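Overview (structure and organization)
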Amino acid sequence: MRFLTIPLVTALTIAAPAMAQDAAKEAQPGGKSPVAVYDEKVAKAVGDAWVMPPATEQESVTAHSVVVDGRTLKYHATAGTVTIKDDSAKPTASVFYVAYTLDGAAPGTRPVTFFYNGGPGSSSVWLHMGSFAPMRVKTANPEYIRPAPYGFGPNPDTLLDKTDLVFIDMVGAGYSRPLGDATGKQFWGVDEDADAFAKTILRWTTKNGRWTSPKFLFGESYGTTRSAALAYQLQDRGMALNGVVLLSSILNYGIEQQGYDQSYISYLPSYAATAWYHDRLANKPADLPAFLTEVRAFAAGPYAQALSKGQNLSDAEEDAIATRMAAYTGLSATFIKRAKLRVDLGRFQKELLRDQALTVGRFDSRYTGVDADSAGENPDFDASDTAISGAFVTTFSDYVQRDLNYKPGLDYRIGAYGLKDFDWNWKHKAPGSGYPMNNPDVAVDLAAAIRTNPYLKVLSLNGWYDMATPFFATEYDISHMLLDKKLRGNVSFKYYPSGHMIYLNPEALHQLHTDLAHFYDETVAASAQNRPAGR
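Residues numbered from 1 in each chain as written. Predicted model: local features only at pLDDT ≥ 70, side-chain atom pairs only at ≥ 80, totals over all residues. Heavy atoms only, no water.

Points about the overall build of the chain
In terms of regular secondary structure, the chain is built from 15 helices and 14 strands. Long-range contacts, defined as pairs at least 24 residues apart, comprise 70% of the intrachain contacts of the chain with a sequence gap of at least 6. Of the roughly 24600 Å² of accessible surface on the chain, a fraction of 54% belongs to carbon and sulfur atoms. (Helix = DSSP H or I, 4+ residues; strand = E, 2+ residues; numbered from the N terminus. Contact = heavy atoms within 4.5 Å. Areas by Shrake-Rupley, 256 points an atom, 1.4 Å probe, with all protein chains shown as cover.)

What about the confidence of the model for the chain?
Low pLDDT means the predicted coordinates in that region are not meant to be read closely. Looking at the chain as a whole, its pLDDT mean stands at 90, while 89% of the residues score no less than 70. The low-confidence segment residues 1–21, where pLDDT is below 50, has zero contacts with residues more than four positions distant or belonging to other chains. (pLDDT = per-residue confidence, 0-100.)

A few points about the layout of surface pockets
By volume, the largest pocket amounts to about 890 Å³. S221, R362, F363, A468 and T469 are the residues nearest the centre of the largest pocket, which is lined by 39 residues in total. When residues of the lining of the largest pocket are traced back to their parent elements, those giving at least two are strand 9 (215–221), helix 6 (262–277) and helix 14 (471–479). Among the elements that make up the lining of the largest pocket, the one with the highest residue count is helix 6 (five residues). Looking at the lining of the largest pocket residue by residue, the classes come out as 19 nonpolar, 14 polar and six charged. (1 Å grid on protein atoms, 1.4 Å probe; cavity = no way out; pocket = protein on both sides within 12 Å on 5 of 7 lines; lining within 4 Å. Points joined across faces, edges and corners; volume = space filled by probe spheres on them. Nonpolar A, V, L, I, M, F, W, Y, C, P; charged D, E, K, R; others polar.)

Details of the nonpolar core
One recurring pattern in soluble globular proteins: nonpolar side chains tend to sit buried together. Core analysis: the largest hydrophobic core is formed by 55 residues, its most contacted members being F114, L217, L234 and I450. For this core, the elements supplying multiple residues, two or more each, are strand 2 (71–85), strand 3 (91–102), strand 4 (112–116), strand 7 (164–168), helix 4 (190–207), helix 5 (222–236), strand 10 (243–249) and helix 13 (443–452). Looking at which element gives the most residues to this core, the answer is helix 4, with eight residues. Counting 51 residues, the second-largest nonpolar core is a separate cluster that includes M129, M135, V137 and F396. (Core = buried A, V, L, I, M, F, W, Y, C linked by side-chain atoms within 4.5 Å. Buried < 20%, exposed > 50% of the residue type's maximum accessible area, 1.4 Å probe, protein only.)

Focus on the side chain of K215
Among the structural elements, K215 can be located in strand 9. Put simply, K215 is tucked away with no salt bridge, and the nearest opposite charge, on D164, sits 11 Å away. A distance of 2.6 Å separates a polar side-chain atom of K215 from the backbone oxygen of W211. Beyond its immediate stretch of four places on either side in the chain, K215 contacts V112, R210, M239, A240, L241, N242 and G243. (Lys, Arg positive; Asp, Glu negative; His and termini not counted. Salt bridge = Lys/Arg side-chain N within 4 Å of Asp/Glu carboxyl O. Polar contact = N/O pair within 3.5 Å; in protein donor to acceptor, adjacent residues only side chain to side chain.)

Points about the pattern of salt bridges
Counting across every chain of the model gives 22 salt bridges. Taking the shortest distance from any N to any O, the salt bridge between D279 and K284 comes out at 2.6 Å. A residue is classified by how much of its surface remains accessible, and D279, at 54% relative accessible area, is exposed. Note that E351 is salt-bridged to R354, the shortest N-O span being 2.8 Å. Linked through salt bridges whose partners overlap, the residues forming this network are E57, E59, R203 and K207.

Structural notes on the pairing of strand 2
The side chains of a regular strand alternate between the sheet's two faces. Both strand 1 (residues 59–68) and strand 2 contribute to a ladder of ten bridges, which runs antiparallel. When the bridges of strand 2 are listed, V66 appears paired with L73. Hairpin geometry of strand 1 and strand 2 is characterised by an intervening segment of two residues between the two adjacent antiparallel strands and by a positive phi of about 50 degrees at D69. Bridging between strand 2 and strand 3 involves eleven bridges; their strand directions are antiparallel. Directly across from H76, in strand 3, lies its bridge partner T101. Count of turn residues in the strand 2/strand 3 antiparallel hairpin: five residues, of which A89 carries a positive phi of about 70 degrees. (Pairing = 2+ DSSP bridges.)

Topic: the pairing of strand 13 (residues 457–463)
Strand 13 sits mainly inside the fold: six of its seven residues count as buried. In this sheet, strand 13 lies alongside strand 10 in parallel orientation, the contact comprising five bridges. Each bridged residue has a counterpart across the sheet, and for V244 the counterpart in strand 13 is V458. Pairing geometry for strand 13 and strand 14 (residues 491–496), over six bridges, is parallel. For G463, the partnering residue across the bridge sits in strand 14 and is Y496. Once you follow strand 13 into helix 14 and on to strand 14, the crossover reads as right-handed. (Right-handed = clockwise from strand over helix to strand, strands pointing away.)

Rendered as C-alpha cells:
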C-alpha cells in the first residue's frame with residue numbers, strides 16, 4: 001500500500017490547481033468570476049495612472065522680473081499647450097510652449113518671436129535654457145559644464161527688452177504629443193512639420209490677440225529649415241512676418257548628398273578656422289576674418305575647379321591644391337592626397353589633433369575630446385555635445401515645475417529620436433513646384449516669401465567654429481536664392497567666435513543681443529515707414 005501512496009498524492013497535487021482554476025472560473029454573485037473582477041481592477045488601476053496629453057488647452061501663468069541694463073523688467077511666464085486640428089476641426093496634437101510677455105506693453109504693437117530648435121526631432125530646451133529667455137544656464141567659453149548643482153539664474157542678455165518670447169516644442173518632443181488616433185508620422189516630415197508649426201503659431205496668435213503684433217521666427221539648425229518653409233506657409237495663410245532669424249543654418253540638403261563636391265568646398269573655411277584656433281597653422285595669421293576671406297576665395301576658386309575635374313585632375317594640379325589645403329587646414333598634404341582632396345568631417349575631427357590624442361567637436365570645434373584610442377578614422381563622440389547636455393536637461397526639468405508651476409505628469413522628451421516609429425519624411429514640395437523634392441532646398445521657399453513680402457527681413461547668425469552647419473554653406477545657400485538686386489539687402493549676416501550654439505559663449509551672447517536689438521529696431525521701424533494712418 002505504501003507504494004500506492006506516492007502516485008495517489010501526486011495525482012491529488014496535480015488535480016488541486018486544476019480544481020482551483022475551475023472554481024475561480026465559476027460565476028460569482030453578480031455574474032463575474034474572481035479572475036474577471038481582478039482583471040477589471042488591474043485595468044482600472046492602469047487607466048487611472050495612465051497620463052494622457054490634454055486635448056483641452058492648458059496653461060500655468062506665473063509672475064517674475066529680471067534686471068537688464070539696470071532696468072527691471074516685470075513679465076509673466078505662461079507654460080501651456082495649444083491644440084491644433086485638422087481641416088475637419090478634429091484635434092490632432094497638443095503642442096507645448098512657454099511664453100514670456102512683458103507687463104504693461106501694448107500687445108498690438110509689441111513684437112513677438114517664436115523660437116524652436118532643430119534636429120529634426122529636438123525639443124526647444126537648448127534655445128530656451130541657453131539663449132534669450134529671462135533665465136539661463138550659466139556657461140563658459142568653451143568649457144565642459146560640471147555636474148550638478150548647475151549655475152542657473154537671471155539672464156542680462158534676455159531679448160525680453162525687445163520682444164515677447166514663445167518657445168515651442170515640435171510634436172513628439174518636449175511635452176508635445178499627438179492626440180487620439182493621430183500618430184507622430186502625421187507630423188514628422190519637412191512639410192508635415194511646417195504645417196503643424198503654422199497651425200500652432202496661428203492658434204497661439206489668435207488665442208492671445210496678437211495678430212497686429214510685429215512677428216518674427218527664430219530657428220536654430222534644422223529650425224532654420226523649418227523657418228524658411230514656415231515663413232512661406234504662414235504668409236500663404238494670411239500672416240505676413242516682419243523678420244526671420246536663422247541661427248546656424250542649413251537650407252539645402254540636396255548638396256549634402258554623396259557624390260556632390262559642394263559640401264567639401266563648404267567645409268574648407270570651417271576647417272581653416274578650427275586649425276587657426278588650435279594653433280595648427282605654420283604661419284598663423286593675426287586676423288581670423290581676413291584669413292577666412294582668403295580661404296573662401298581659394299575654396300570657391302582653385303579648389304572647386306580642381307574637384308570639378310574629378311579623376312582627370314593631373315598629378316601636378318593635385319600636388320598644388322593639396323599643398324595649399326595643408327597650409328590652410330593644418331593637415332598634411334599626404335593625408336589630403338590619400339583622401340583625394342576630399343576630407344570628410346569625421347576624418348578631420350580625428351586627424352587634426354591626432355598627435356595629441358585629441359579629437360575636435362562637431363557642434364563647436366573648439367571643444368576637444370579623448371577617444372578610447374587614437375588610431376580610428378572618426379571620433380567616438382562629439383565633445384561639444386556631451387559637454388552641456390546634462391546641465392540643460394536637468395535645469396529645465398526642475399525649472400518648468402518649480403518656477404513655472406507646470407506639472408503635466410508626462411515625461412519631458414529632449415527629442416523624438418528614441419521613439420521606435422520616428423522616421424523623418426524628407427520630401428518637400430516647394431512653392432511653384434509640381435513635384436516634391438527628395439531632399440529639401442527650402443531656400444526656394446524663403447526666396448518666395450521675400451518676393452511676396454518685400455518688407456520681410458532675414459538675419460543669418462553664424463559661428464566660425466560650427467562644423468555642423470558651416471558658415472560657407474549658409475552663404476552658398478542664400479546666394480542661390482537668386483533674389484533681385486533690390487531685395488538682396490533684405491538678408492544680412494553676422495559672425496561670432498563660437499560654434500553651432502553661439503549663445504554658449506558669454507561674450508558672443510552679449511554681442512548677439514546687441515546685433516538682434518538693432519535688427520528688431522530697424523525691422524520694426526522699416527515696416528512702419530509710410531504706413532497709411534489708422535482709423
